[in-house]
Structures are given as C-alpha cells and as structure tokens.
Amino acid sequence: MTLTDDTTRTGDTELPRWSVADVYPSLDDRSFTDAMETLDADVTRLIALFDEHDIRQTDPRPPTAADGQAADEALRMFNEVSALMSELGVATLSVTATDSRDDAARALMSRVEQQGSRLTPLLARLAEWVHALGVEPLADLSTEVAEHVGPLTRLDERVAHQMTEREEELYAELSTTGSSAWRSLQQVVTSQLAADVAMPDGSTERMPINAVRGLATHADPAMRRAGYEAELQTWPQVATTVAAAMNAIKGEAVIVNRRRHWDDPIDASLYANSVSRPTYEAMQSAVTASLPDWRRWMRAKARLHGHDGGLPWWDLVAPAPTGDTTLSWDDGIDWVRSAFGSYSTELGGLVDRALDERWIDAPPADGKTGGAFCASFRDDRSLVLLNWSGSIDSAQTTAHELGHAYHNVTLAGRTPLQRRLPMALAETASIFCETLAIEQRLGVTTDPNERLGLLDVSLTGPNQVVVDIQSRLQFETEVFERRRRGTLGASELDEMMLRAQADTYGDGIDLDTRHPYMWLLKPHYYGSHFYNWPYTYGLLFGLGLYAAYRNDPDRFRLGYDDLLSRAGMDTAEALGARFDLDVTDEAFWTSSLDVLRARMTEYERLVDAR
C-alpha cells in the first residue's frame with residue numbers, strides 16, 4: 001500500500017507517477033493510521049456536538065445568541081472533520097485508482113466511506129435546523145453562518161426534499177453496502193478486464209482494457225478497428241455483473257427520489273448542480289438545434305478518413321490523417337505550459353509545480369482506473385490521473401485536468417462547505433484551460449494539414465461532450481423510467497444504448513457500427529445520477545467565459561479567480577451574471593455553440609480542399 005512510485009518509461013520518455021509519500025509514506029504508516037483514528041473519534045465528537053446543541057428539525061422560532069454560538073461551533077468542526085475525511089479518502093484513492101487489486105487499500109477506502117455515511121446525515125439535520133431558524137437571522141448572530149450564507153441557503157432549499165432524520169441516517173449507512181459497493185464493483189471488474197486484440201499483422205496481443213480503449217486514438221486505422229472489435233468481443237464477459245450494478249444503483253435512486261418527493265430525477269440533478277430548470281431547458285434547446293451541424297461535421301470527418309456516408313464508431317475520436325499526430329510527453333507538457341503562461345504566470349507555473357511536487361500519474365497500467373480525473377488532496381494541492389497515449393488529444397486532456405487543479409488552487413481559502421462544487425460548475429476552469437490550449441496552438445499554426453489536425457482535436461472532444469452526452473442523457477432518462485417498473489437485463493440496456501446513439505448521432509455515424517456497451521464502461525452512471533448534461537453545461541459555459549476573456553482580458557483576470565472560488569457558494573445564474581452572461585437565455589448557449597460551428601466550417605473547407 002505504498003503511496004509513492006517510480007516514474008514509468010514509455011519509449012525514450014519517463015512518464016510521471018504521483019506520490020503523497022511526503023504526507024503519508026504508506027497506508028500502513030503510523031501517520032496514516034493515526035489520522036484514521038483521529039477521523040473516527042472526530043466524527044463521533046461532531047455527532048455528539050450536534051446532539052448537545054439539538055441541531056436537527058425543530059419548530060420555527062427566532063434564533064438566540066446561544067444558537068449563534070452553537071452554529072459557530074458546529075460549522076467550524078464540520079469543516080475540520082470534512083477536510084480530514086477528504087484528505088484520507090484521496091490518499092487511499094491514490095492507491096486504488098492506480099491498482100484496483102490492492103484489497104487492503106480498498107478496505108481502507110471503505111472505512112473512510114463508512115465514516116462519510118455518519119457525516120452525511122448531519123447535513124440533513126443542519127438543513128432542518130437552519131430552515132427553522134432562518135439563514136439571515138442566524139447570520140446576524142454567527143460569524144460562521146455569515147460566511148456560509150450561500151451553501152446554507154442551498155441546504156435550506158433542500159428541506160422540502162429530505163426524508164426524516166432517522167430515514168436519512170439509515171439510508172446513508174445502508175448506501176455503503178448498497179450503491180457505494182455496487183459502484184466499487186463496477187470499477188473493479190471493468191478496470192481488471194483484459195482483451196485479446198487481433199493485430200493487423202495477424203498476431204494476437206492480450207492488453208488491459210484501458211489500453212485497448214486507448215487504441216481509439218491510434219494513428220493506424222487498422223489498429224483503431226482492431227481495438228473496437230476487441231472491445232465488442234470482451235465487454236459482454238462482465239455485462240451481467242455490471243447490469244446488476246446498474247439496476248441496484250438506479251433502483252436505489254428511484255426509491256430515494258420518491259421518498260424525497262422528487263417527481264423527476266432531472267429535478268434532483270438540477271438542484272444538486274445549482275442550475276434552474278429554465279437555464280437547463282435553454283441549454284438543451286440550443287444543443288438540440290446544433291445536432292444537424294455536428295452530424296454534418298462527422299460526415300466531413302468520415303470523408304477525411306476515406307469513408308462514404310457516416311463515420312464508423314472506431315474513427316469517432318481518431319486523429320486526423322494529416323501526417324504525424326503523435327506527441328511526446330515533453331512536447332505535450334511544453335504546449336500546455338506555454339498556453340497556460342499566455343494567460344498568467346500563476347497558471348503557467350502550476351504546470352511545473354504539478355510535476356515537481358508529483359501531482360500527476362500519467363502512464364496507462366493494468367488495474368488502473370480509465371480516463372482521467374483531478375482530486376483535491378490537501379490545501380491547494382491536487383492529484384491528477386491521466387492515461388497518456390502520446391497524442392494531441394492526450395495533451396488536451398492534460399490541460400483540462402490541470403485546469404481542475406487550478407480551480408482547486410483558487411478554492412484553497414474556502415471551507416469544505418464552501419467548496420462543495422456542483423458538477424456543472426466544477427468544469428468551469430477545466431474547459432477554460434482546455435480552450436486556452438487549443439486557441440493558443442491554432443493561433444500559431446498556419447500549415448493547412450497541421451491546422452486541420454488541431455481543428456480535429458478541438459472538435460472531437462466537444463462532439464463527445466455535446467452529441468455523445470446527449471445520447472447518455474437520453475439513455476439514463478429511459479433507464480430511470482423503465483427501472484421504476486422492474487429490473488433491466490444486459491441485452492435491454494444494450495438496445496437502449498443503441499437507440500439513444502441512433503437518435504443523437506443520426507446519419508453522422510455509420511449506424512451499423514454503434515457501440516452497445518457504452519453504458520457498461522462509463523463510470524459516471526455508477527458514481528452519481530445524470531453526470532452527463534453537466535459536462536455540456538461546463539463546456540458551453542467555459543466557452544462563454546473564454547469569449548468574455550478575449551473581449552476584455554484585464555477585467556476578466558481581475559474577477560476570474562474569485563468567480564472560481566465562489567463556484568460552490570453561488571447559483572449558476574449568479575456566477576454567469578458576474579460577467580454579464582445570462583445563462584437563462586438560449587442565445588447565450590447558441591453563441592457558445594457558434595464558436596464550435598466556426599471551427600466546423602473551417603474544418604469542412606480544409607477537408608474539401610484536399
């Protein structure tokens with residue numbers, strides 16, 4: 001259970017591995033075991049403090065000075081305990097995310113989650129108490145409440161959608177052996193899967209499934225198709241198991257949503273993301289109107305790759321065949337560093353700090369979690385997981401995740417209650433930084449082939465975030481509707497996925513090559529609900545912010561860090577208003593999509609000129 005690793009060599013380049021050994025040398029070390037014991041004791045003390053001050057549902061009344069003192073003590077300690085719990089959770093994640101076979105680390109992760117299940121009901125009790133006393137009157141008597149008006153107002157609004165105190169406590173405890181356990185199972189069985197890939201030369205190579213998925217960005221079209229075909233042969237091996245996880249997690253959500261009086265699961269998702277229904281519907285309307293443009297672009301990409309009609313699934317994220325599209329780790333990092341530095345020295349310096357302080361784990365590996373993520377660890381320090389594949393797309397992903405790390409830097413002065421980021425707003429800095437990287441490289445690239453390659457990267461990701469996310473949103477909506485009536489078999493989930501892809505991708509793809517197992521491999525379905533549309537929100541809001549930056553860079557820099565730091569404190573509408581962006585207006589979302597439409601137009605012109 002070591003928390004440090006040597007660098008991993010890929011070709012002539014050493015890829016970085018993360019380490020938190022300066023804080024916790026290992027999960028067996030006394031420093032970690034002591035911290036775990038402190039957490040156990042502190043959670044017990046916090047519960048006792050809530051009991052002592054009777055912080056729970058009560059009759060409405062004006063708050064007293066004693067209530068103000070109780071709020072100060074409770075909020076201060078809640079934040080302290082939450083910070084320690086988050087740190088220990090990420091420390092264990094640093095092992096489990098890179099080696100899902102480490103059973104001892106997984107057991108410690110479960111222990112942290114169990115303490116989290118004791119902490120979660122306290123938020124429900126706090127919400128009821130604050131609702132009865134009033135946020136503003138209590139803020140007049142409590143310094144801590146005054147500093148947490150935004151988060152507490154959100155909790156106040158949640159009261160209408162809470163179960164009783166006993167029910168919330170029971171659900172939090174049962175979820176550790178319910179949805180949390182099923183989520184863990186999905187992660188384990190999918191990360192440990194291996195596939196036999198029929199190579200173009202006639203040989204067969206056994207590869208970890210994450211490496212097989214990485215073939216989707218291989219320069220050789222035969223390798224991309226080989227990876228796709230290997231996936232279709234391999235995913236059914238775990239389909240029944242993962243379908244059971246899907247049914248358990250969504251079935252649990254159906255029951256809890258009903259008992260919390262959410263008529264539509266989307267409404268629960270909107271509340272969790274601090275986004276209003278009018279804002280969501282404005283965005284969705286603009287996205288739906290853009291689908292024909294995306295389909296036209298995919299057909300242009302199909303022409304670029306020599307296909308008639310729609311784009312085969314295995315070429316959806318393929319690099320443009322415009323020459324050498326590989327990128328070394330050093331060149332990729334130099335690009336990100338340069339792009340970030342064009343905005344500010346602080347943002348540019350973050351890249352070197354992340355490398356020097358070993359925040360990044362880059363190489364793909366058997367048993368490693370797929371995809372990429374960034375997790376806040378301690379103070380302003382993050383851990384960034386990548387699965388580097390040596391492509392422009394990999395560098396773009398690196399910029400995206402380091403954008404999350406910059407967001408965490410701006411949040412360092414906020415308390416855990418203030419930095420509980422909604423998913424939709426958590427993507428703000430990452431999309432902005434990703435856009436910085438793409439626009440910086442486009443700005444210095446004049447060669448038509450190189451420019452086409454960059455435009456391809458700059459549109460392939462958004463195509464996933466707009467079009468594929470729409471397919472996921474449609475799929476999950478149908479899952480919830482049908483799960484109310486009974487369990488769903490793996491074959492039914494396959495059919496639903498294929499139907500959602502046909503409805504959203506349309507004639508942009510070769511419909512005979514749709515991927516029926518996307519429900520199985522995407523962890524978002526198993527970690528939370530409707531973790532799809534917030535990505536679209538983040539992309540388009542980030543593009544809107546980038547436009548604001550280009551319009552007035554100096555003004556933007558003055559307010560951007562504060563905006564990021566308030567992402568867990570304000571609503572989506574309030575954050576947009578800070579830069580005069582009306583997110584309730586469909587025109588805002590259309591203007592963000594127009595940035596992408598302009599790239600599509602140039603892309604199609606360059607393709608047709610070849």
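To be clear, the structure that these remarks concern was listed above.
Fair warning: this is a prediction, and the values are worked out from it, not measured in the lab.

Procedures and definitions
- Residues numbered from 1 in each chain as written.
- Predicted model: local features only at pLDDT ≥ 70, side-chain atom pairs only at ≥ 80, totals over all residues.
- Heavy atoms only, no water.
- Helix = DSSP H or I, 4+ residues; strand = E, 2+ residues; numbered from the N terminus.
- Rg over C-alpha atoms; globule rule 2.2 N^0.38 Å.
- Buried < 20%, exposed > 50% of the residue type's maximum accessible area, 1.4 Å probe, protein only.
- Contact = heavy atoms within 4.5 Å.
- Areas by Shrake-Rupley, 256 points an atom, 1.4 Å probe, with all protein chains shown as cover.
- Lys, Arg positive; Asp, Glu negative; His and termini not counted.
- Charge placed at Lys NZ, Arg CZ, Asp CG, Glu CD.
- Core = buried A, V, L, I, M, F, W, Y, C linked by side-chain atoms within 4.5 Å.
- Salt bridge = Lys/Arg side-chain N within 4 Å of Asp/Glu carboxyl O.
- Polar contact = N/O pair within 3.5 Å; in protein donor to acceptor, adjacent residues only side chain to side chain.
- Pairing = 2+ DSSP bridges.
- Axes fitted to C-alpha atoms, helices over the stretch in contact; angles between N-to-C directions.
- 1 Å grid on protein atoms, 1.4 Å probe; cavity = no way out; pocket = protein on both sides within 12 Å on 5 of 7 lines; lining within 4 Å.
- Points joined across faces, edges and corners; volume = space filled by probe spheres on them.
- Nonpolar A, V, L, I, M, F, W, Y, C, P; charged D, E, K, R; others polar.
- Parallel < 35°, antiparallel > 145°, perpendicular 65-115°, else oblique.
- Phe/Tyr/Trp six-rings, centres within 6.5 Å; stacked < 30°, edge-to-face > 60°.

### Some words on the overall build of the protein
Reasoning step 1: Counting its secondary structure elements, the protein contains 26 helices and seven strands.
Reasoning step 2: What you see for the protein is a C-alpha radius of gyration of 24 Å, in line with the 25 Å of a compact globule of 610 residues.
Reasoning step 3: Relative to its 610 residues, the protein shows a buried fraction of 58%.
Reasoning step 4: Counted over contacts in the protein with a minimum sequence separation of 6, partners at least 24 positions apart contribute 75%.
Reasoning step 5: Surface exposure of the protein reaches about 24000 Å², of which carbon and sulfur atoms provide 49%.
Reasoning step 6: Looking at charge distribution, the protein has the averaged site of its 58 positive side-chain charges lying 2 Å from that of its 95 negative ones.

### Looking at the nonpolar core
Reasoning step 1: Ranked by size, the top nonpolar core spans 137 residues in total, and within it Trp294, Phe475, Trp519, Trp533 and Tyr537 carry the most contacts.
Reasoning step 2: Broken down by element, the residue count for this core peaks at 13 residues, all from helix α19 (residues 448–483).
Reasoning step 3: Among all residues touching Trp519, those that are not within four sequence positions of it are Ala239, Val242, Ala243, Met246, Phe475, Ala490, Leu493, Asp494, Met497, Tyr525 and Tyr526.
Reasoning step 4: Of all hydrophobic cores here, the second largest spans 53 residues; its members include Leu39, Val43, Leu49 and Leu383.

### Brief notes about the side chain of Glu427
Reasoning step 1: Relative to the assigned elements, Glu427 resides in the loop between α17 (423–426) and α18 (428–444).
Reasoning step 2: Among buried Asp, Glu, Lys and Arg side chains, Glu427 stands out as unpaired, with Arg472 the closest opposite charge at 10 Å.
Reasoning step 3: Within the structure, the side chain of Glu427 is placed 3.1 Å from the side chain of His400, a separation counted as a polar contact.
Reasoning step 4: Polar contacts involving the side chain of Glu427 include one to the side chain of His404, which spans 3.4 Å.

### Things to note about the sheet that holds strand β6 (residues 373–378)
Reasoning step 1: With mixed pairing, three strands are arranged side by side in an open sheet as β5-β7-β6. In this open sheet, the two strands that pair with only one neighbour each are β5 (360–361) and β6.
Reasoning step 2: Here β6 runs beside strand β7 (residues 381–385); their pairing, made up of five bridges, is antiparallel. Following the sheet pairing, Ser376 is matched in β7 by Ser382.
Reasoning step 3: Contacting β6 and β7, helix α2 (residues 65–96) runs over the sheet at an angle of about 130 degrees to β6.
Reasoning step 4: Sheet strands in contact with helix α16 (residues 392–411) are β5, β6 and β7, and its direction is about 30 degrees off that of β6.

### Looking at empty space enclosed by the protein
Taking a probe equal in size to a water molecule and rolling it over the atoms shows the remaining empty space.
Reasoning step 1: A complete count under the given rule lists two cavities of 30 Å³ or more for this structure.
Reasoning step 2: In this structure, the largest cavity spans a volume of roughly 120 Å³.
Reasoning step 3: In terms of lining, the largest cavity is formed by 13 residues, of which the most central are Pro319, Ile392, Asp393, Asp456 and Val457.
Reasoning step 4: Listed by contribution, the elements that provide at least two residues to the lining of the largest cavity are α16 and α19.
Reasoning step 5: Among the elements that make up the lining of the largest cavity, the one with the highest residue count is α19 (four residues).
Reasoning step 6: Of the residues belonging to the lining of the largest cavity, the class tally is six nonpolar, five polar and two charged.
Reasoning step 7: Considered as a void within the structure, the second largest cavity measures approximately 80 Å³ in volume.
Reasoning step 8: Forming the boundary of the second largest cavity are Gln396, Ile431, Glu434, Thr435, Ile438, Ser458, Pro462, Leu539, Leu543, Leu596 and Arg599.
Reasoning step 9: Elements with a minimum of two residues in the lining of the second largest cavity: α18, α19, α23 (533–551) and α26 (586–608).
Reasoning step 10: Looking at the lining of the second largest cavity, the element that brings in the most residues is α18, giving four residues.
Reasoning step 11: Within the lining of the second largest cavity, the residues separate by chemical class into six nonpolar, three polar and two charged.

### So, the pairing of β7
Reasoning step 1: For β7, the tally of buried residues reaches five of five residues, placing the bulk of the element in the interior.
Reasoning step 2: Burial of β7 is two-sided: the residues Arg381, Leu383 and Leu385 facing one way and the residues Ser382 and Val384 facing the other way are all buried.
Reasoning step 3: As judged from the two bridges shared by β5 and β7, these two strands associate in the parallel manner. Across the sheet, residue Ile360 finds its bridge partner in β7, namely Val384.
Reasoning step 4: As consecutive antiparallel partners, β6 and β7 are separated by two residues, and within that stretch Asp379 has a phi angle of approximately 55 degrees, a positive value.

### A short note on the packing of helix α14 (residues 329–343) against helix α15 (residues 345–356)
Reasoning step 1: Two numbers describe how α14 lies on α15: the axes approach to 5 Å, and their chain directions differ by 150 degrees. Relative to α15, α14 is oriented roughly antiparallel. Residues Trp329, Ile333, Val336, Arg337, Phe340, Gly341 and Tyr343 of α14 pack against Thr345, Leu347, Gly348, Val351, Asp352 and Leu355 of α15.
Reasoning step 2: Grouping the constituent residues of the contact of α14 with α15 by class yields eight nonpolar, three polar and two charged.

### Some words on the packing of aromatic side chains
Reasoning step 1: According to the stated counting rule, one finds 29 aromatic pairs in the structure shown.
Reasoning step 2: Consider the rings of Tyr343 and Phe432, whose centres lie 5.6 Å apart with planes at 80 degrees: the pair is edge-to-face. Placement of Tyr343 in helix α14 and of Phe432 in helix α18 is noted, with a sequence separation of 89 residues between them.
Reasoning step 3: Geometrically, the ring pair formed by Phe475 and Tyr525 is edge-to-face, given 5.3 Å between the ring centres and 65 degrees between the ring planes.

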